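Chain residues, written in single-letter form:
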Amino acid sequence: MVTVADFNGTVKPDWCPACGNFAQLSAIKAVLAELGIEPHNTVVVSGIGCSSNLPEFIKAYGFHGLHGRALPVASAVKWANPKLTVIAYGGDGDGFFEGTQHFYHTAKRNVDITYIVSDNQIFGLTTGQASPTSEIGFKSKTTPYGNIEEPTNPLTFGLAAGATFVARGFSGDPKHLNEIIKRGIQHRGFSFIDVMSPCVTFNKLNTYDYFRKRVYKYEAKDLTDFSAAYKISQEWGDKIPIGIFYEKTERSYIDMDPVASQTPMIDIEPVKLNEKLVEEFL
Amino acid sequence: MSKEEVVIRIGGAAGEGVQSAGSVVAKSFSRTGLSVMTYNYYQDIVRGGQSWYQVRASHNKVRSQGDGLDVLIALNMDALVRHTNPEINEGGASPLSGIAIFDTSLTGYKKQDKVIYCPVPLSEIAGKHSKVSLVKNTVAIGAAMASIGMSFDVVADVIRDQFGGKGEVAEQNVSAAKEGYDYFTQNFKKLDKSLNFTNKKKYLLGGGEAVGLGAVNGGLRMYIGYPMTPASSALHYISSHAKDFNLFVKVPEDEISAINMAIGANYAGLRAMTGSSGGGFSLMVEALGMAGMLEIPLVVYEAQRSGPSTGLPTKTEQGDLNLVLGASQGDFPRIVLAPRNVYDTFLLTREAMNLAEKYQTPVIVMSDLYLAEHLETVDKFDFNFKIDHGLRAQDNMKNYKRYEYTESGISPRAIPGQPGLMHNEDSDEHSESGDVVSDAETDPKLRIAIMEKRMRKLNSYIKEMPPTDTYRLDDAEYAIVQWGSTQGVVEEAVDILRNKGIKAGVIEINRVFPLNPDIAGLLKNRKKIVVVENNFTGQFNRLLKSEFLVSTSLIRKFDGEAFYPGALAEELEQEIKR
């Protein structure tokens, strides 16, 4: 029997009080316990940013790597040992600026991992600069006259890239967030969850109140309907949908690999070289 | 030129089948027990331009592409003029002094004194056997092999293999080659050579393939690479054998992803490596330091080509040493190996797999285009090798500390999936247990302790380094220092000097960093120390001088081509007498 307490780390989170990351940390721990996934079979890989400190605060195998590079590390961990539950975690700067190419290709490959982005629409760790999801007109240390660049739409991007599970959560609705993360971890293939996660220190625009006024729970009629998913992903403004936008079961990358699809790589003995294997050079 | 060796060169335009003809010639020699080395001169184009492929063979050990040229197969007029002209010296290659084989349709060329012109109706003969125009190359190969007295049966077998067995195409080529062989025998006199052909086949392979074989012998399970000349020869070999070797092979979106994937797999307990040339390696730099910080084993294959930037994509250089030594911010232990030849590439890549896991740190295997793309014979492979996974933590170990301070600097590794050993691996500075200490809790004493722990691993490695190899050094007044792929050329140059009574010897460096302290003794009491390397600034020379506080002279080459023994011997002699 796995409990939430089994995932309690010894290091206290260094996030600001009321940071949206807390709800996600709690949700991840609760879901893992609920699904009976043991801490030693859990790997949490992150990049760099406030949210990316998360692996330090959970008792599991944590990997706190480089800015933007969580996904290639997480992919290879899963390819090496598919028995592990692999969660990649990071912020919007980490995932949609520095790591965009990895986001696109990991989604396209349908690697069987869960990618949770704590999207606070700002750089927090570096003390408040506009991020790829900052809104037009948003003022920050680096955009004192207001942001002039169109924000990235991570959900549309995830869908276009070929993610087989695309969802949006909100840190202000933990119960709903738990459910989405649970479904994401259960999904076989690449699950992408963008979590609206207010930065209480540096983002005075996209606050809990901002989202509470706007979010509503979206229920898809047909989760495999790509056009409907695309349409709902485009909705942003006075109303912001949260929920699962798209889910489709397709073979994950490892199912197609000529070698790894047969036996988990970690269980395959290395080949013993012999003269037959070098005969082609004679 | 010695009767005991032969050099054959095929010259033509890209797309004219130069390389494939060259490999038939090379294989014919390796199958008759000769020691072989090939040299490939080509450009970054698919059609046109001027390329050539040289094969040197002897029953004595061949250590470089060599000087001199006995037989030229000229596939067009440009090649015939270029390679027979004593004035033209492309990157050090010798003009022809021997037999030129070319199509009878080529006329009006200026005759050179040292050339025996042997026109053969290549296209006409080819037309009798096949509609494919490239069959004329096969006719030329037949003629060339007749000119040096090789038995036709051997050539026929190699051609059959090249064309996939005994099908119609293969037989057309064999009969075309036979007619070329007979035409030469009936019309011209063969060269006066005494090569000892035997039936003891040798292996013939390139440095890229040796990287693959070495890695697999060293327990490789996953190779992640992004195509870039000249690292691609390893990627191709490994990819084409993924099923034979039970490997997971992946070309991801970029080299940054490649190295992060290789690190992820090693973290998960699966031996993985990545590879690229300097451009791709530059992209890997940040993650290389992460592997050092997290103490995750990692092998990176770095195959140099002429830089800077895109540089000369199909030309050789040893210009990435500074990059490799300095790659990534901060100090962390790294091991840099630079194999000297094809078999050394096999041995050192294999060893790199163990070293990375034993010392839980990045190991970089440096090759270059010259070594990665030429073919060389290997008499025998010794596959006997024990895989060492290094220090591993036991499941549920009490008070487990991932970065426990030890005298060797090596701490027990836990692999995800092992119960009771959960911890965080952090690119931030961390404590023994892996907890971050970089921000609020920065502790100077702890920082010193963990830095010293990591760096201690290098001292442990230095203690197990084998003695540095030398060549004719014992009584040498002049020490020539080489690193990596220049071994064969430098040894041959030293033989030339020795024949002139100059007492020179070679210090051969295939473990570039850290340098073996025993080199200090080898450098002692020499009249002169000369460093030879393929780059502009003398990157290794600087390292050697700073490590051993010696004064040296430097011989460089940075025209994109390898050194040649004769030309190098002249330069060395001048330098020694200066």
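What counts, and where the lines are drawn
Residues numbered from 1 in each chain as written. Chains lettered and ligands numbered in written order. Predicted model: local features only at pLDDT ≥ 70, side-chain atom pairs only at ≥ 80, totals over all residues. Helix = DSSP H or I, 4+ residues; strand = E, 2+ residues; numbered from the N terminus. Contact = placed C-beta atoms within 7 Å. Core = buried A, V, L, I, M, F, W, Y, C linked by C-beta atoms within 7 Å. Buried ≥ 20, exposed ≤ 12 C-beta atoms within 10 Å, placed from the backbone. Nonpolar A, V, L, I, M, F, W, Y, C, P; charged D, E, K, R; others polar. Pairing = 2+ DSSP bridges. Axes fitted to C-alpha atoms, helices over the stretch in contact; angles between N-to-C directions. Parallel < 35°, antiparallel > 145°, perpendicular 65-115°, else oblique. Left-handed = near helix turned anticlockwise from the far one by under 90°. pLDDT = per-residue confidence, 0-100. Expected span 1.5 Å × (residues − 1). Right-handed = clockwise from strand over helix to strand, strands pointing away.

It is worth spelling out the overall build of chain A at this point. Broken down by element type, chain A carries 9 helices and 10 strands. Seen along its three principal axes, the alpha-carbon backbone of chain A occupies a region of about 70 × 45 × 40 Å. Counted over contacts in chain A with a minimum sequence separation of 6, partners at least 24 positions apart contribute 70%.

Counting 244 residues, the largest nonpolar core has A:Val77, B:Ile101 and B:Ile480 as the members making the most contacts within it. It is helix 12 (residues 342-359) of chain B that provides the largest number of residues to this core, a total of 10 residues. Core analysis: the next-biggest nonpolar cluster, separate from the first, contains 5 residues, A:Ile122, A:Phe123, A:Phe138 and A:Cys199 among them.

With that settled, consider the environment of B:Ser485. Residue and element names in this part refer to chain B. One can find Ser485 in the loop between strand 17 (478-483) and helix 15 (487-499). Ser485 gets classed as buried once you count the C-beta atoms within 10 Å, which come to 31. If near-sequence neighbours (up to four positions away) are discounted, Ser485 is found in contact with Arg340, Ser367, Asp368, Tyr370 and Leu371.

Turning our attention to the interface of chain B and chain A. Taken residue by residue, the interface counts 49 residues in chain B and 45 residues in chain A. For the side of chain B that touches chain A, the secondary structure elements donating two or more residues are strand 7 (203-206), helix 7 (207-217), helix 9 (255-267), helix 10 (278-294) and strand 15 (424-426) of chain B. With 8 residues, the single largest contributor to the side of chain B that touches chain A is helix 9 of chain B. Class assignment of the residues belonging to the side of chain B that touches chain A gives a composition of 26 nonpolar, 12 polar and 11 charged. Across 3 bridges, the pairing between strand 2 (residues 61-64) of chain A and strand 15 of chain B is parallel. For A:Gly62, the partnering residue across the bridge sits in strand 15 of chain B and is B:Asn424.

Turning our attention to the packing of helix 9 of chain B against helix 10 of chain B. All names here are of chain B. For the pair helix 9 and helix 10, the least separation of the axes is 8 Å and the interaxial angle reads 30°. Comparing their axes, helix 10 and helix 9 come out roughly parallel. Remark: the crossing between helix 9 and helix 10 carries right-handed chirality. Judged by residue contacts, Glu255, Ile256, Ile259, Asn260 and Ile263 of helix 9 engage Gly280, Leu283, Met284, Ala287, Leu288, Met290 and Ala291 from helix 10.

Our focus in this paragraph is the sheet that holds strand 7 (residues 165-170) of chain A. The 9 strands lie next to each other as 9(A)-10(A)-7(A)-8(A)-4(A)-3(A)-1(A)-2(A)-15(B), forming an open sheet whose pairing is mixed. Looking at which strands have only one partner, the edges of the open sheet turn out to be strand 9 (215-217) of chain A together with strand 15 of chain B. If you compare each strand with its neighbour and ignore which way they point, the axes differ by 20° on average. The sheet contact formed by strand 7 of chain A and strand 10 (residues 240-247) of chain A spans 4 bridges and is antiparallel. Bridge pairing in strand 10 of chain A places A:Val166 opposite A:Tyr246. Its contacts with the sheet put helix 2 (residues 70-80) of chain A on strand 1 (42-46), strand 2, strand 3 (85-91) and strand 4 (114-119) of chain A, and the angle it makes with strand 3 of chain A is roughly 180°.

Attention now goes to the confidence of the model for chain B. Scored by pLDDT, chain B has a mean of 95; 98% of the residues are at 70 or more. Overall fold confidence (pTM) sits at 0.97, and the ipTM for the predicted complex is 0.98.

This next bit is on helix 1 (residues 21-34) of chain A. Residue and element names in this part refer to chain A. Given a rise of 1.5 Å per residue, 14 residues ought to cover 20 Å, and the 20 Å separating the end C-alpha atoms of helix 1 matches this to within 8%. Residues of helix 1 that are buried: Asn21, Ala23, Gln24, Leu25, Ala27, Ile28, Lys29, Val31 and Leu32. Against strand 1, strand 3, strand 4, helix 6 (174-186) and strand 8 (191-196) lie the buried residues of helix 1. Within two residues after helix 1, Gly36 carries a phi angle of roughly 70°, on the positive side.

This part covers the environment of B:Tyr400. Residue and element names in this part refer to chain B. Of note, Tyr400 is situated in the loop between strand 14 (375-378) and strand 15. Through-space distance from the C-alpha of Tyr400 to that of Met422 is 8.8 Å; in sequence the pair is 22 residues apart. The contact partners of Tyr400, leaving out residues within four places of it in the chain, are Ala393, Ala414 and Leu421.

Before going further, it helps to spend a moment on the pairing of strand 11 (residues 298-304) of chain B. Consecutive residues of a regular strand have side chains that alternate between opposite faces of the sheet. Residues and elements named next belong to chain B. The element strand 11 is largely enclosed, with a buried count of 7 among its 7 residues. Of the two faces of strand 11, both are covered, the one formed by Leu298, Val300, Glu302 and Gln304 as well as the one formed by Val299, Tyr301 and Ala303. Sheet analysis places strand 10 (residues 272-276) next to strand 11, joined by 4 bridges and oriented parallel. Within the sheet, the bridge partner assigned to Ser276 lies in strand 11 and is Glu302. The β-α-β motif built from strand 10, the intervening helix 10 and the parallel element strand 11 has right-handed crossover chirality. In this structure, strand 11 lies alongside strand 13 (residues 362-368), joined through 7 bridges in parallel fashion. Directly across from Tyr301, in strand 13, lies its bridge partner Val365.

Let us look at the packing of helix 7 of chain B against helix 8 (residues 232-240) of chain B. Residue and element names in this part refer to chain B. Taken N-terminus to C-terminus, the directions of helix 7 and helix 8 make an angle of 50°; their axes are 7 Å apart at the nearest point. If you check the angle between helix 7 and helix 8, you find them oblique. Note that helix 7 runs across helix 8; the crossing there is right-handed. Residues Gly208, Glu209, Val211 and Gly212 of helix 7 touch helix 8, and the partners they reach there are Ser233, Ala234, Tyr237 and Ile238. Of the residues in the contact of helix 7 with helix 8, the class split is 4 nonpolar, 3 polar and 1 charged.

All names here are of chain B. Tracing the chain through its elements places Gly225 in strand 8 (residues 222-225). Under the C-beta neighbour-count criterion, Gly225 is labelled buried, with 28 such atoms within 10 Å. Spatially, the C-alpha atoms of Gly225 and Glu464 are 30 Å apart, while their sequence positions differ by 239 residues. Apart from the residues lying within four places of it in its own chain, the contact partners of Gly225 are Ala231, Leu235, Val251, Ala258, Thr274, Gly275 and Ser276.

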